[in-house]
Amino acid sequence: MQKKIGIPSSEMTGKIFGSYDKNINRLEDAFSVRITNQMSAGEEGDTIVIDGEESAVNMTADCIKYMKRICSLGEEITDQSVDYVIGMVQDGRVDELSAFDDDCFLVTVRGKPIKAKTVGQKKYVDAIRKNTIVLGIGPAGTGKTYLAVAMAVKALKNHDVSRIILTRPAVEAGERLGFLPGDLQSKIDPYLRPLYDALYEMLGPENCARMIEKMTIEIAPLAYMRGRTLDDSFIILDEAQNTTPEQMKMFLTRLGNGSHIVVTGDLTQTDLPFGKKSGLAAAVQILKNIDDIAIHQFTERDVVRHRLVQRIIVAYEKYEHEHKVHMAERTKTRFKPTVRRDNSK
């Protein structure tokens, strides 16, 4: 079977094919098809021709149509976006791809549009829009914190809230706070650096510093939240897997009138002492059936960092699963009852 897709310009064709045809090579390897560019003599635009089995050609065409669409929106086609669209099409979820690619909800100080890059991110952003409390759970690189901060900045700019409050538990991951120089704030700042980085990108360092000085933006460790009622605020708790159930309950009950809470965390990267239950894991079980509270689960498919990050996450999940199975089998063998024979007869 052969299918043709018209491309309005040679520039767009070049973006779709990628440097040294790397994007097209990925599609050919994924679907076992042959893809060529048929330039139109005397006419504007090109034609991409796909040859192969019918189902493979149709899936490849869906991928190229999506790549064509994001090019028309001014987006860059990256290795991650190519791998993502291939995975979505192979999973039969092509209809979901058009739901998020034109939803820009904020622009950085450098003019970069901020929007969901995966279906999972789109559902996360929509959950924040529709619910008072959202728990965003998933692996590193899925944009949990970044998108939450972006939605907080948008709410502040739209005067939906009067301040942003960002907090994290200051849990030591193999190092001691006491070894760091300076006062308490200086010791805590390294834990809050990812939040500062996101704010600087969206507001600019000078503007962000002024807002922090005026307490329009407050960045503080989780312990500083106790005893407060947070009205008219957009509150983000980052790295929530390192909270205890008691800390999580304390934090969630700070919610005041006109406020929103977003809790983010990765349950596979808990730095709590061995045997201590994560407050985020407990919250997922306790709050899962309460209206106006959404629990969004990211997957490795939503990773938007370097493409190796997704592979690393999958490899670790596979290793941990095999380790659990191995330990379970060892436990069964260890405690297997022995049958003693009576040789007295």
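The structure under discussion appears in the preceding block.
Residues numbered from 1 in each chain as written. Predicted model: local features only at pLDDT ≥ 70, side-chain atom pairs only at ≥ 80, totals over all residues. Heavy atoms only, no water.

A. Representation of the overall build of the chain within the structure. Of the regular secondary structure elements, the chain holds 11 helices and 11 strands. By the burial criterion, 44% of the 345 residues in the chain qualify as buried. Contacts spanning at least 24 positions in sequence make up 71% of the contacts within the chain whose residues lie at least 6 apart. Of the roughly 19400 Å² of accessible surface on the chain, a fraction of 50% belongs to carbon and sulfur atoms. (Helix = DSSP H or I, 4+ residues; strand = E, 2+ residues; numbered from the N terminus. Buried < 20%, exposed > 50% of the residue type's maximum accessible area, 1.4 Å probe, protein only. Contact = heavy atoms within 4.5 Å. Areas by Shrake-Rupley, 256 points an atom, 1.4 Å probe, with all protein chains shown as cover.)

B. Here's a closer look at the packing of aromatic side chains. For the structure shown, the criterion picks out two aromatic pairs. Consider the rings of tyrosine 124 and phenylalanine 298, whose centres lie 4.9 Å apart with planes at 70°: the pair is edge-to-face. Of this pair, tyrosine 124 sits in helix 5 (residues 119-130) while phenylalanine 298 sits in the loop between strand 11 (293-297) and helix 11 (307-334), and the two are 174 residues apart along the sequence. Judged on exposure class, the residue tyrosine 124 and its partner phenylalanine 298 are both buried. Look at tyrosine 196 and tyrosine 200: their rings are 6.2 Å apart centre to centre, the planes differ by 45°, and that puts the pair in the tilted class. Here the residue tyrosine 196 and the residue tyrosine 200 both occupy positions in helix 7 (residues 184-203), the gap between them amounting to four residues, near one helical turn. (Phe/Tyr/Trp six-rings, centres within 6.5 Å; stacked < 30°, edge-to-face > 60°.)

C. Region of the structure containing the pairing of strand 4 (residues 104-107). Two elements, strand 4 and strand 5 (residues 113-115), share three bridges in a ladder whose sense is antiparallel. Counterpart to valine 107 in the pairing with strand 5 is proline 113. Counting the residues between successive antiparallel strands, the hairpin from strand 4 to strand 5 contains five residues, one of them, glycine 111, with a positive phi of roughly 85°. (Pairing = 2+ DSSP bridges.)

D. The environment of isoleucine 293, seen in detail. Looking at where isoleucine 293 falls in the secondary structure, it is placed in strand 11. Judged by relative accessible area, isoleucine 293 falls into the buried class, the value being 16%. Considered as a pair, isoleucine 293 and asparagine 131 are 162 residues apart in the sequence and their alpha carbons are 5.9 Å apart. Other than its neighbours up to four places away in sequence, isoleucine 293 contacts Asn131, Ile133, Leu135 and Leu287.

E. Main features of the pairing of strand 3 (residues 46-51). With five of its six residues buried, strand 3 lies for the most part within the structure. Where strand 1 (residues 2-7) and strand 3 come together, six bridges link them in antiparallel fashion. What sits directly across from isoleucine 5, in strand 3, is isoleucine 48.

F. Highlighting the pattern of salt bridges. Throughout the structure, instances matching the rule amount to 11 salt bridges. The partner of arginine 301 in a salt bridge is aspartate 91, and the shortest N-O contact between them spans 2.9 Å. Of the two residues, arginine 301 is situated in the loop between strand 11 and helix 11 and aspartate 91 in the loop between helix 4 (79-90) and strand 4; the sequence distance between them amounts to 210 residues. Taking relative accessible area as the criterion, arginine 301 reaches 23% and is therefore assigned partly exposed. Taking the relative accessible area as the measure of exposure, aspartate 91 reaches 45% and is therefore partly exposed. Here glutamate 218 makes a salt bridge to arginine 228, at a shortest N to O gap of 2.7 Å. Here arginine 228 lies in the loop between strand 8 (217-221) and strand 9 (233-237) and glutamate 218 lies in strand 8, a separation of 10 residues in the sequence. (Salt bridge = Lys/Arg side-chain N within 4 Å of Asp/Glu carboxyl O.)

G. Summary view of the packing of helix 5 against helix 6 (residues 144-157). Helix 6 packs onto helix 5 with a crossing angle of 40° between their chain directions and a minimal axis gap of 11 Å. The orientation of helix 5 with respect to helix 6, classified from their angle, is oblique. The element helix 5 and its partner helix 6 pack so that their crossing is right-handed. Seen from helix 5, the contacting residues are Gln121, Tyr124, Val125, Ile128 and Arg129; seen from helix 6, they are Lys144, Leu147, Ala148, Met151 and Lys154. (Axes fitted to C-alpha atoms, helices over the stretch in contact; angles between N-to-C directions. Parallel < 35°, antiparallel > 145°, perpendicular 65-115°, else oblique. Left-handed = near helix turned anticlockwise from the far one by under 90°.)

H. Structural context of the nonpolar core. Core analysis: the biggest nonpolar cluster contains 36 residues, and Leu199 and Phe234 have the highest contact counts within it. At the level of elements, strand 4, helix 5, helix 6, strand 7 (163-168), helix 7, helix 8 (205-213), strand 8 and strand 9 are the ones that each hand at least two residues to this core. It is helix 6 that provides the largest number of residues to this core, a total of nine residues. Residues in contact with leucine 199, not counting those within four places in the same chain, are Val149, Val153, Leu166, Gly204, Cys208, Ile217 and Ile219. Among the nonpolar cores identified, the runner-up in size contains 30 residues, and Ile24, Cys63, Met67 and Val119 belong to it. (Core = buried A, V, L, I, M, F, W, Y, C linked by side-chain atoms within 4.5 Å.)

I. Just helix 2 (residues 22-31), in detail. If you check which residues of helix 2 are buried, you get Asn23, Ile24, Arg26, Leu27 and Phe31. The buried residues of helix 2 occupy one face: seen down the axis, they fall within an arc of 155°. Phi turns positive, to about 55°, at serine 32, one or two residues after helix 2. (Arc of directions from axis to C-beta.)

J. The sheet that holds strand 3, seen in detail. With antiparallel pairing, the three strands of this open sheet are ordered in space as 1-3-2. Since the sheet does not close on itself, it has two edges, and those belong to strand 1 and strand 2 (34-39), each with one partner. On average, each strand axis in the sheet is inclined to that of its neighbour by 25°, with strand direction left out of account.

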